[in-house]
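So you can see what is in the structure, the chains are spelled out below.
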Amino acid sequence: MSRPHLPLRVCVLGSTGSVGANTLDVIARHPGRFEVFALTGASRVDELAAQCVQWKPRFAAMPDEARARVLRDRLAQAGLRTEVLAGADALEQLAAHPEVDAVMAAIVGAAGLAACLAAAKAGKRLLLANKEALVVGGELFMNAVKQGGATLLPIDSEHSAIFQCLPEDRSTWASRIDHILLTASGGPFRGRDPSTLRDVTPDQACAHPNWVMGRKISVDSATMMNKALEVIEARWLFALQPEQIRVVIHPQSIIHSMVVCRDNSVLAQLGTPDMRVPIAYGLSFPQRIESGASQLDFTSLSALSFHPPDHALYPGLALAWEALRAAPGSTAVLNAANEEAVAAFLAGTIRFDQIHTVNAGTIEAVVPASDSAASLPGLLELDDRARRQAQQLVRGLPR
């Protein structure tokens, strides 16, 4: 459990990504309030080395021994005593370390699930930017949070917005909520003719109009699969039924999401599109600290607009509700298929419009066993099955 005194010792899983870098930016604004205890990266050795030189963490970790060896050499040359660990087990070890108070879970994809589970079981303050932990883990992950006594704080801007609109007493949520509205910018292809999507390039798909993000999540925003995953995440975070979660296109990304209460009052959280706001709230909860984001100037705001999503333009969005209503584990299948399909698109192996073909085909072909979602090994085996099926579909698609 978190210690009652400062500084709060923070482990940043995925520190070289956009969320990790923004986390360190917020921490830098509050000297003495936080201590960077551990940093982990996937492949950017130079960037992680630079972060270690700046923050001098007790630990750093890379996914394999080869990269870890390079990092050790860099840090030794800089005269640092940071201990460098290697392998997936290292992430779990650091996430559950007894001296860690808060874990920023910013690893992209299903690869972050095991470390998130470790942090949850260890009772940490868990800042969840890795939506796949809930998309894949679902009930297993939420049970770990409950049993470990962890404090789960959503970092996705939409889920943070919902969380900020609700009282701290979670036992009252069910009696207050009629439904929630997750807002979506619509990505770079909002309003585009769906028949032209076959010609989209990776660079075009990654050019988000409002947010600066990594390439994988940027593609997910262009297909609206990020919103499909967020629907699944919201189902578990807020204990909602699938029909209580709705999506609305809001191009300006000023209202980050809304709660429609049982009396039809609507609670909304507004702000500039800057990930440092939910990060700062997660780090300081239940207090609020300066984030570095600019303030909204309501006198200069243009009109705020809303409209329903175009399912011909975003066919993958409906897969969220389909997977939620299917056998337990189906959301893990959808996530694995999407990771493989996006990787294939970014590699130039399939067209943009074929991402949905792979996702829908994988969900249809891979039926989870009855106990797949009950354990981490079962989920990992299901994840592997889904990836192999998605890869087979990728190989069979025409260009």
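Notes on the structure in this doc start here. (Residues numbered from 1 in each chain as written. Predicted model: local features only at pLDDT ≥ 70, side-chain atom pairs only at ≥ 80, totals over all residues. Heavy atoms only, no water.)

### Topic: the pattern of salt bridges
Counting across every chain of the model gives 22 salt bridges. With a closest N to O distance of 2.6 Å, K216 and D220 form a salt bridge. Taken together, the residues span about one helical turn, with K216 and D220 both in helix α10 (residues 215-223) at a distance of 4 residues. Owing to a relative accessible area of 2%, D220 belongs among the buried residues under this scheme. In this structure, a network of salt bridges that share partners links the residues R9, E35, R58 and E99. (Salt bridge = Lys/Arg side-chain N within 4 Å of Asp/Glu carboxyl O. Helix = DSSP H or I, 4+ residues; strand = E, 2+ residues; numbered from the N terminus. Buried < 20%, exposed > 50% of the residue type's maximum accessible area, 1.4 Å probe, protein only.)

### Examining the nonpolar core
Ranked by internal contacts, the top residues of the largest apolar core, which has 128 residues, are L71, M104, F141, I180, F238 and F352. Examining the composition of this core, we find that 9 residues originate from one element, helix α14 (residues 330-346), more than from any other. Not counting residues within four places of it along the chain, the set of residues in contact with L71 comprises V45, L48, A49, A60, M62 and V84. (Core = buried A, V, L, I, M, F, W, Y, C linked by side-chain atoms within 4.5 Å. Contact = heavy atoms within 4.5 Å.)

### Points about the sheet that holds strand β8 (residues 177-184)
If you trace the 4 strands from one edge of the open sheet to the other, you get β9-β8-β10-β11, paired in mixed fashion. Two strands lie at the open edges of the sheet, namely β9 (245-249) and β11 (266-270), each paired on one side alone. Here the average twist between neighbouring strands, direction ignored, is 20°. Relative to strand β10 (residues 255-261), β8 runs antiparallel, the two sharing 5 bridges. Looking across to β10, one finds that I180 is bridged to V259. Sitting on the sheet, helix α11 (residues 225-237) touches β8 and β9, and the angle it makes with β8 is about 155°. (Pairing = 2+ DSSP bridges. Axes fitted to C-alpha atoms, helices over the stretch in contact; angles between N-to-C directions.)

### Considering the sheet that holds strand β1 (residues 8-13)
Adjacent strands of a sheet pair through backbone hydrogen bonds, lying either parallel or antiparallel. The parallel open sheet is built from 7 strands, whose spatial order is β4-β3-β2-β1-β5-β6-β7. Only two strands of the sheet have a single partner each, and these edge strands are β4 (83-86) and β7 (151-154). Here the strands of the sheet are splayed against their neighbours by 20° on average, with no regard to which way each runs. In this structure, β1 lies alongside strand β2 (residues 34-40), joined through 6 bridges in parallel fashion. Bridged to L13 within β2 is T40. Helix-sheet contacts for helix α6 (residues 132-148) involve β6 (125-128) and β7, and the interaxial angle to β6 is about 165°.

### Considering a nonpolar patch on the surface
Taken together, the side chains of L270, F298, L304 and F306 define a hydrophobic patch exposed on the protein surface, amounting to about 360 Å² of accessible area. Take L304: it is sitting in the loop between α12 (276-284) and α13 (319-325). (Patch = residues over 30% accessible without salt bridge, like charges linked within 9 Å, V, L, I, M, F, W, Y side chains within 5 Å. Areas by Shrake-Rupley, 256 points an atom, 1.4 Å probe, with all protein chains shown as cover.)

### Things to note about empty space enclosed by the protein
Going through the model one piece at a time under the given rule, you end up with 1 cavity of 30 Å³ or more. If you add up the space inside the largest cavity, you get close to 40 Å³. Lining of the largest cavity is provided by 10 residues; of these, S157, H256, Q269, V277 and P278 occupy positions nearest its centre. Among the elements of the structure, α7 (157-165) and α12 are those that each provide at least two residues to the lining of the largest cavity. For the lining of the largest cavity, the element with the highest residue contribution is α7, accounting for 3 residues. A per-class count over the lining of the largest cavity returns 3 nonpolar, 6 polar and 1 charged. (1 Å grid on protein atoms, 1.4 Å probe; cavity = no way out; pocket = protein on both sides within 12 Å on 5 of 7 lines; lining within 4 Å. Points joined across faces, edges and corners; volume = space filled by probe spheres on them. Nonpolar A, V, L, I, M, F, W, Y, C, P; charged D, E, K, R; others polar.)

### Re the packing of aromatic side chains
The tally for this structure, following the rule as stated, stands at 8 aromatic pairs. Ring geometry for F163 versus W173: centroids 6.1 Å apart, planes at 85°, classification edge-to-face. You can see F163 sitting in helix α7 and its partner W173 sitting in helix α8 (residues 173-176), a full 10 residues away along the chain. Taken together, the ring pairs connect F163, W173, F238, Y281 and F285 into an aromatic cluster. Sitting over the ring of W236, R235 keeps its end group 4.0 Å from the ring centre. (Phe/Tyr/Trp six-rings, centres within 6.5 Å; stacked < 30°, edge-to-face > 60°. Lys NZ or Arg CZ within 6 Å of the ring centre and 35° of its normal.)

### What to know about α14
In this model, α14 (17 residues) spans 24 Å end to end at C-alpha, consistent with the 24 Å of a helix rising 1.5 Å per residue. Of all 17 residues in α14, 15 are buried; the element is thus mostly enclosed. Looking one or two residues beyond α14, the residue adopting positive phi is G348, at roughly 85°. (Expected span 1.5 Å × (residues − 1).)

### So, the layout of surface pockets
By volume, the second largest pocket is sized at about 420 Å³. Lining the second largest pocket are 19 residues, with M142, W236, L237, F238 and A239 positioned closest to its centre. Residue contributions to the lining of the second largest pocket peak at 4 residues, all from α6. Among the residues forming the lining of the second largest pocket, the class breakdown is 12 nonpolar, 3 polar and 4 charged.

### Description of the state of the cysteines
Each disulfide consists of a covalent bond between the sulfur atoms of two cysteine residues. For the structure on display, the rule yields 0 disulfides. C52 forms no disulfide, and the closest cysteine sulfur to it belongs to C11, at a distance of 12 Å. (Disulfide = S-S within 2.5 Å.)

### Concerning the pairing of β11
Bridge count for β10 against β11 is 5 bridges, and the pairing is antiparallel. Bridged to M258 within β11 is A268. Between β10 and the antiparallel strand that follows it, β11, lie 4 residues; N264 among them carries a positive phi value of about 75°.

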